[in-house]
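Structural overview
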Amino acid sequence: MAYQQHGGYRCMLFIMLADGHLIGGWSFDRLAEYYKVHQTTVSRICEKDIELMKQKKKPPGRPRKLTAAKARRLIYYATLDAEHRRKPLEELAQLAGINACLPTVRKAMDEAGYHRRVVSLMPGRRL
């Protein structure tokens, strides 16, 4: 009930905080007199706003398919030995127990600094 009754004051008080009036010397008593509410109401609203500001926000966007641990496991299998370095990315992902599409696996490898390319002959060289 107090939240609904004093909902308008929350907005005004927040503006006062943003303008710096509270920091500039406005006490809870002075704010209570200005808005014609009880001093406890002002302090509760300020405490609630501070709690809301301290809360961690969720990161935007969709969560990653490959966690850091899965990416490390993929890199481990990819760099295990010469035989594993030559295996296709799909097979490495299967060995690591990762269920992700090829572009996702390739992106994880690229972010770790491991790039693959198609073998090509250098000009002037023969097989």
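The text that follows walks through the structure, step by step, so that each part is easy to find.

Describing the packing of helix α5 (residues 68–78) against helix α8 (residues 102–111)
Running from N to C, α5 and α8 cross one another at 80 degrees; their axes reach a closest spacing of 10 Å. Relative to α8, the element α5 is oriented roughly perpendicular. Taken together, the residues of α8 that come into contact with α5 (itself represented by L74, I75 and A78) are V105, A108 and M109. Considered class by class, the residues forming the contact of α5 with α8 number six nonpolar, no polar and no charged.

What to know about the nonpolar core
Counting twelve residues, the largest nonpolar core is built from L66, L74, I75, A78, L89, L92, A93, A96, I98, V105, A108 and M109. Those elements that place two or more of their residues in this core are α5, α7 (89–96) and α8. Tallying contributions element by element places α7 first for this core, with four residues. Those residues within four positions of L89 in sequence are excluded, and the remaining contacts are L102, V105, R106, M109 and R116.

Overview of helix α3 (residues 28–35)
Those residues of α3 that fall on the buried side of the exposure criterion are L31, A32 and Y35. Projected down its long axis, α3 shows its buried positions confined to an angular sector of 100 degrees, all on one face. Facing away from the buried side of α3, by more than 90 degrees, are the exposed residues E33 and Y34.

Concerning the environment of Y114
Here Y114 lies in the segment after α8. Sequence separation of Y114 and T79 is 35 residues, and the distance between their C-alpha atoms is 9.4 Å. Look past the residues within four positions of Y114 in its chain and what remains in contact with it is I75, T79 and M109.

Observations concerning a positive patch on the surface
There is a patch of like positive charges on the surface, built from R62, K65, K70 and R73. Relative to the helices and strands, R73 resides in helix α5.

Things to note about the environment of I75
Relative to the helices and strands, I75 resides in helix α5. Here I75 falls in the buried class, since its relative accessible area comes to 15%.

Some words on the packing of aromatic side chains
Counted according to the given criterion, the structure contains one aromatic pair. Here Y76 and Y77 contribute two aromatic rings whose centre-to-centre distance is 5.5 Å and whose plane-to-plane angle is 75 degrees, an arrangement assigned as edge-to-face. For Y77, a relative accessible area of 24% gives the class partly exposed.

Brief notes about unusual backbone geometry
We note that K36 has phi near 60 degrees; this positive angle belongs to a residue other than glycine. Structurally, the position occupied by K36 is in the loop between α3 and α4 (39–54).

Conventions and cut-offs
Residues numbered from 1 in each chain as written. Predicted model: local features only at pLDDT ≥ 70, side-chain atom pairs only at ≥ 80, totals over all residues. Heavy atoms only, no water. Axes fitted to C-alpha atoms, helices over the stretch in contact; angles between N-to-C directions. Helix = DSSP H or I, 4+ residues; strand = E, 2+ residues; numbered from the N terminus. Parallel < 35°, antiparallel > 145°, perpendicular 65-115°, else oblique. Contact = heavy atoms within 4.5 Å. Nonpolar A, V, L, I, M, F, W, Y, C, P; charged D, E, K, R; others polar. Core = buried A, V, L, I, M, F, W, Y, C linked by side-chain atoms within 4.5 Å. Buried < 20%, exposed > 50% of the residue type's maximum accessible area, 1.4 Å probe, protein only. Arc of directions from axis to C-beta. Patch = residues over 30% accessible without salt bridge, like charges linked within 9 Å, V, L, I, M, F, W, Y side chains within 5 Å. Areas by Shrake-Rupley, 256 points an atom, 1.4 Å probe, with all protein chains shown as cover. Salt bridge = Lys/Arg side-chain N within 4 Å of Asp/Glu carboxyl O. Lys, Arg positive; Asp, Glu negative; His and termini not counted. Charge placed at Lys NZ, Arg CZ, Asp CG, Glu CD. Phe/Tyr/Trp six-rings, centres within 6.5 Å; stacked < 30°, edge-to-face > 60°.

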